[in-house]
Structure formats: structure tokens, C-alpha cells
Amino acid sequence: MDPSDTLRNKCAACYRQFNRKEHLVEHMRTSYHSVHEPMCGYCGKRCRSFESLREHLIGPLPKAECERVFRDRGCDICLNIFSSRNAVRVHRDTCQLSYGNSGLLHRFASLGIQDDLRIDSGKTKAVALACKMVGGGSDGSLDLCAKVCIIDEYENILFRSYVKPHLPVTHYRYETTGIRPEYLRDAMPLRQVQRKIQDFLCNGEPIWKIRPRGGKARILVGHGLDHDLRCLELEYPAVKTRDTATYPPLMKTSKLSNSLKYLTRAYLGYDIQSGIQDPYEDCVATMRLYRRMRSQPHRNENYPLATDPQNKNNFASWRQSELERMSPDELFAISRSDFYCWCLDSKDYA
Ligand SMILES: [Zn+2]
Ligand SMILES: [Zn+2]
Ligand SMILES: [Zn+2]
Ligand SMILES: [Zn+2]
């Protein structure tokens, strides 16, 4: 095989090389490469997740040249590479957060209850929700929601309440929840909490009418939302949820979820969930992760999703021979993402 041929068959996104053009075409069909994938700031390689970008830059087995540059002027939190060492130092002060950043709000959070969740058509577009669970069932392993919190984008508490479960609590999990039986005795019943939150999220829009874009319904941010929603007996359309546990760029290279504790340490630079835990802390962490992901400066493109009708069949609508005549760059240019990048929440894509 002529080495220049192999070079011609190099994927323009992940730089994998193929002996034959048809293998590169096959690779493109199944890879869904896009401008929304995390990218090495030095060599431009696209990675499926930030974890694989981290491996590329830091290791194990990093790319030697990229590692050298990254060590010199890279930020180990957002994994971006800057123009100088000084630029990284300045940047890092804004990149590394601490729980204390929410300062005053945090102190409010440790005060009582705020359970008058109001529906308004105000500008609260995205909200984060988190729960703390106590145990039910004979062995205490059944999760029952006992405390719930909702915050807005600016980390203000919109709703915070103890919840009285339907079923008897058999284990309060006090060491992590800090919840005592007397806190739940006169707490708001689950049914009432469920209705309040549902109405707030839908924001006057009938649930069956909620569409991915536009409308009044709010974007719901969380970590492991399926579980939280199930425990709250709440239904909310997936097109309006943003889950840091199942967002491909934030998942492990093995495609399993990372814990919120890990994501907060790795991508925000501080520790959570030690000792007694409050759902406010989880809300703040997920909202910050969401906002970071949303603010990524990805290029605007028409019809960014492989599933957009205009991209119907993505590569399948092309003839194999046409695709094999395209250059790797041209193939990458028509490739679209198979996940909804959160940067699209900040853009008005039709
Ligand atoms: Zn590739
Ligand atoms: Zn994006
Ligand atoms: Zn690189
Ligand atoms: Zn950074």
C-alpha cells in the first residue's frame, strides 16, 4: 500500500486511517462526527467525549506533541489550550469554581423552606432539579424522594421542600441526608409536590403540545433525571430535559455515566457530596455544567442533527461512488451529530 493513499483515507475528524476509501466512508456513516464533538486545541482532533480528549492530552498514552503543549498552556478543567502561560493563569481563575461562589445564596439555602413555586412567563428558561432520597421497603433500599430543590440559571432557589412519601420510610439515611422523621411528618405530600413542579415546568403549556423548540415549557437540567422524575412520579418530555448523566460529551469512554461528584471535581474544579448532602448543591453543580456546555463556541451550521429531516438518511442518501470520490474534509463537512449539543439551546436553529 502506498503511504500517500493511506493518508488520503484519514478521517478528517478523529484522524483514524484506513487502507481503503470504502472503509473510511463506512467509518463516517457510523461515527456521526461533527463540530459539536470536543476538540484538541492543538492538533484539532475530534473526540467522542471530554474523557477521551483528556486521555489524548494527559494520558494514559497521550499524543506526545499535544501533551507537551497542553502541559505548557492548557487548562486541566475545561481542557482548552491558550496562547500563553499567562493567559492560562488568568483564565483558570474564572474556570475553577467553588461551592462558596454562590455565597449569599448558599446561606439562604441552609435556611428553611421555600415552597410557593409560582408559574410566571418570566425569563426563567432553564431550571435545575435535584432530590435527596430516603429508604423504603423492608430493607430500606427503595428510593423515596424526601427533599427536592429547583433553582434558576442564576442559582436562585425557586422551590425547596421536604416531601412526605406515600410509603412508610424504613431508613432515613441520616448520615448523608440529614433528614429526621419529624422533618417529614408535616411535609408537603408527594402528590402536591408533583403537581406544583409539573405545572411549573410546563409553564401553562399542555404537556402533549411541548415541542423541542419554542413554546413556554422550561428546559429541565439534572443528573440522572429519569430516576428523580420516577421518584417524584413526574412525567416530562425528554426533548426538554438536559441530563449531565447521559450527555455523550460528559460520559466515560466506556459510555457509562460519570457521577455528579466526579463531574463537578473534573469540570468545575471543586468537591461536593461530602457528609450531609443538600439537593441545592447538586442543582448548582448540574446547572453550572449545563451552562458550561451550552456556552461552547461551536460553529453554526444548518440542520445540526443527523435526525433533522433535511439530513434524512445522512450519508445514506448519497451514492457510495459519490462518497468515495469525496475528500475526507468533504465527508466531514456533510456529517452531522447524533446527539443534541447543548450549545444549540443558545442559538436559534430552525
Ligand atoms: Zn473519525
Ligand atoms: Zn455544539
Ligand atoms: Zn491533539
Ligand atoms: Zn479552563
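Remember, it's a predicted structure, so these values are computed and weren't measured experimentally.

Overview of the overall build of the protein
A count of helical and extended segments in the protein gives 14 helices and 7 strands. Burial status across the protein gives 32% buried among its 350 residues. For the protein, the proportion of contacts with a sequence separation of at least 24, taken over those separated by at least 6, is 59%.

Side note on the UniProt feature "domain: C2H2-type" (unreviewed entry) in the protein
As annotated in UniProt, the feature "domain: C2H2-type" (unreviewed entry) corresponds to residues 9-38 in the numbering used here. For residues 9-38, the helix share is 37%, the strand share is 0%, and the end-to-end C-alpha distance is 22 Å.

Focus: the nonpolar core
Ala128, Cys145, Ile150, Ile151 and Cys283 are the most contacted members of the largest nonpolar core, which has 59 residues in total. Examining the composition of this core, we find that 8 residues originate from one element, helix H12 (residues 279-294), more than from any other. When residues are assigned to domains, this core turns out to be shared by domain 1 (3-95 + 297-346) and domain 2 (105-294), each giving three or more. With residues near it in sequence (within four places) discarded, cysteine 145 still touches Cys131, Met133, Val163, Pro165, Leu190, Cys231 and Leu232. Val25, Met28, Phe315 and Leu331 belong to the second largest nonpolar core, which has 8 residues in total.

Some details on the pairing of strand S6 (residues 219-222)
Taken together, the 3 bridges between strand S1 (residues 126-136) and S6 define a ladder with parallel strand orientation. Bridging from a neighbouring strand, valine 127 pairs with leucine 220 of S6. A crossover links S6 with its parallel partner strand S7 (residues 241-243), the connecting element being helix H10 (residues 225-231), and its sense is right-handed.

With respect to the environment of phenylalanine 159
Mapping phenylalanine 159 onto the fold places it in strand S3 (residues 157-164). We classify phenylalanine 159 as buried; it has 20 C-beta atoms within 10 Å. C-alpha separation for the pair phenylalanine 159 and tyrosine 280, spaced 121 residues apart in sequence, amounts to 9.8 Å.

Let's talk about the environment of proline 297
Considering the arrangement of structural elements, one finds proline 297 in the loop between H12 and helix H13 (320-325). Residue classification places proline 297 among the exposed positions, given that 6 C-beta atoms sit within 10 Å. Considering only alpha carbons, one finds proline 297 and cysteine 343, 46 residues apart in sequence, at a separation of 7.5 Å.

Comments concerning helix H3 (residues 50-57)
Taken as a whole, H3 has its buried residues at Phe50, Glu51, Leu53, His56 and Leu57. Looking at the buried positions of H3, the neighbouring elements they touch are helix H4 (64-73). Immediately beyond the C-terminal end of H3, within one or two residues, lies glycine 59, with a positive phi of roughly 115°.

Here's the deal with the packing of helix H11 (residues 260-267) against H12
In contact at an axis separation of 10 Å, H11 and H12 are set at 55° when each is read in the N-to-C sense. Considering their axes alone, H11 and H12 lie oblique with respect to each other. With respect to the hand of their crossing, H11 and H12 are arranged in left-handed fashion. Counted together, Leu260, Leu263, Thr264 and Tyr267 of H11 and Asp282, Ala285, Thr286, Leu289 and Arg292 of H12 form the full contact between these two elements. Partitioned by chemical class, the residues of the contact of H11 with H12 number 5 nonpolar, 2 polar and 2 charged.

Looking at the pairing of S1
In terms of residue burial, S1 counts as a mostly covered element, since 8 of its 11 residues are buried. Direction of pairing for S1 relative to strand S2 (residues 142-151): antiparallel, over a ladder of 9 bridges. The residue of S2 that forms the bridge with glycine 135 is aspartate 143. Connecting S1 to the antiparallel partner S2 that follows it, the hairpin turn spans 5 residues, and glycine 137 within it adopts a positive phi of roughly 80°. Looking at chain direction, S1 and strand S4 (residues 169-171) are connected through 2 bridges and run antiparallel. Residue pairing for S4: glycine 136 is matched across the bridge by valine 169.

Some words on unusual backbone geometry
Here the bond from glycine 59 into proline 60 is cis, since omega is 5°, no more than 30 degrees from zero. Inspection of the secondary structure puts proline 60 in the loop between H3 and H4. Its identity as a non-glycine residue notwithstanding, tyrosine 32 has a phi of 55°, on the positive side. Unusually for a residue other than glycine, tyrosine 303 sits at a positive phi of about 50°. Residue position: tyrosine 303 is located in the loop between H12 and H13.

Analysis parameters
- Residues numbered from 1 in each chain as written.
- Chains lettered and ligands numbered in written order.
- Predicted model: local features only at pLDDT ≥ 70, side-chain atom pairs only at ≥ 80, totals over all residues.
- Helix = DSSP H or I, 4+ residues; strand = E, 2+ residues; numbered from the N terminus.
- Buried ≥ 20, exposed ≤ 12 C-beta atoms within 10 Å, placed from the backbone.
- Contact = placed C-beta atoms within 7 Å.
- UniProt positions renumbered as here; feature names shortened; annotations may be inferred.
- Core = buried A, V, L, I, M, F, W, Y, C linked by C-beta atoms within 7 Å.
- Domains from an automatic or database assignment.
- Pairing = 2+ DSSP bridges.
- Right-handed = clockwise from strand over helix to strand, strands pointing away.
- Axes fitted to C-alpha atoms, helices over the stretch in contact; angles between N-to-C directions.
- Parallel < 35°, antiparallel > 145°, perpendicular 65-115°, else oblique.
- Left-handed = near helix turned anticlockwise from the far one by under 90°.
- Nonpolar A, V, L, I, M, F, W, Y, C, P; charged D, E, K, R; others polar.

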